[in-house]
Amino acid sequence: MKTVNVSICTGTTCYLMGGAHLLTFDEMLDPCTADHVSICGSHCLGLCNDESNGKPPFVKVNDQVISDATLNKVLDKVREEIEEDAHVS
Ligand code: FES
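Residues numbered from 1 in each chain as written. Predicted model: local features only at pLDDT ≥ 70, side-chain atom pairs only at ≥ 80, totals over all residues. Heavy atoms only, no water.

*Asks:* Help me out: how do you make sense of the pairing of strand 1 (residues 4–9) in this one?
*Replies:* Looking along a regular strand, one sees side chains alternate from face to face of the sheet. Burial analysis of strand 1 places five of its six residues in the buried class, which makes it a mostly covered element. Bridge count between strand 1 and strand 2 (residues 37–42): six bridges; the pairing is parallel. Bridging across to strand 2, Ser7 finds its partner in Cys40. One ladder, built from three bridges, connects strand 1 with strand 3 (residues 59–61); its direction is antiparallel. Looking across to strand 3, one finds that Ile8 is bridged to Val59. (Buried < 20%, exposed > 50% of the residue type's maximum accessible area, 1.4 Å probe, protein only. Helix = DSSP H or I, 4+ residues; strand = E, 2+ residues; numbered from the N terminus. Pairing = 2+ DSSP bridges.)

In structure tokens:
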């Protein structure tokens, strides 16, 4: 199974709009899931400058952007990616 990459934007806008809270995401993962997830903080992803991208905070799960990100939204997306991968392989 491949790794799911999670980039949490820690740029000022995202950080102030709830991104700080998202940095606890790793605590939500059970050990088995955590083995397949790579989490990193990222400087401004460049998405906050354009309203068409949605509202901050932004998180990228693999190459997919989550706007107005919450811990549960990110967790759902990560689970979706892991399940998709399990179906393919
Ligand atoms: S501060 Fe997060 S996309 Fe710019």
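*Asks:* Just to check I follow, could you spell out a nonpolar patch on the surface for this structure?
*Replies:* Nonpolar side chains collect at one region of the surface, where Tyr15, Leu16, Met17 and Leu23 lie side by side and expose about 430 Å² of accessible area between them. Here Met17 falls in the partly exposed class, since its relative accessible area comes to 47%. (Patch = residues over 30% accessible without salt bridge, like charges linked within 9 Å, V, L, I, M, F, W, Y side chains within 5 Å. Areas by Shrake-Rupley, 256 points an atom, 1.4 Å probe, with all protein chains shown as cover. Salt bridge = Lys/Arg side-chain N within 4 Å of Asp/Glu carboxyl O.)

*Asks:* Hey, could you run me through the sheet that holds strand 4 (residues 64–66) in this one?
*Replies:* The strands making up a sheet associate through backbone hydrogen bonding, with each pair oriented either parallel or antiparallel. A sheet is described by the order of its strands in space; here four strands give the open sequence 2-1-3-4, paired in mixed fashion. Whereas interior strands pair on both sides, the edge strands pair on one side only; in this sheet they are strand 2 and strand 4. Geometrically, the sheet is characterised by an average inter-axis angle of 20 degrees between neighbouring strands, direction not taken into account. (Axes fitted to C-alpha atoms, helices over the stretch in contact; angles between N-to-C directions.)

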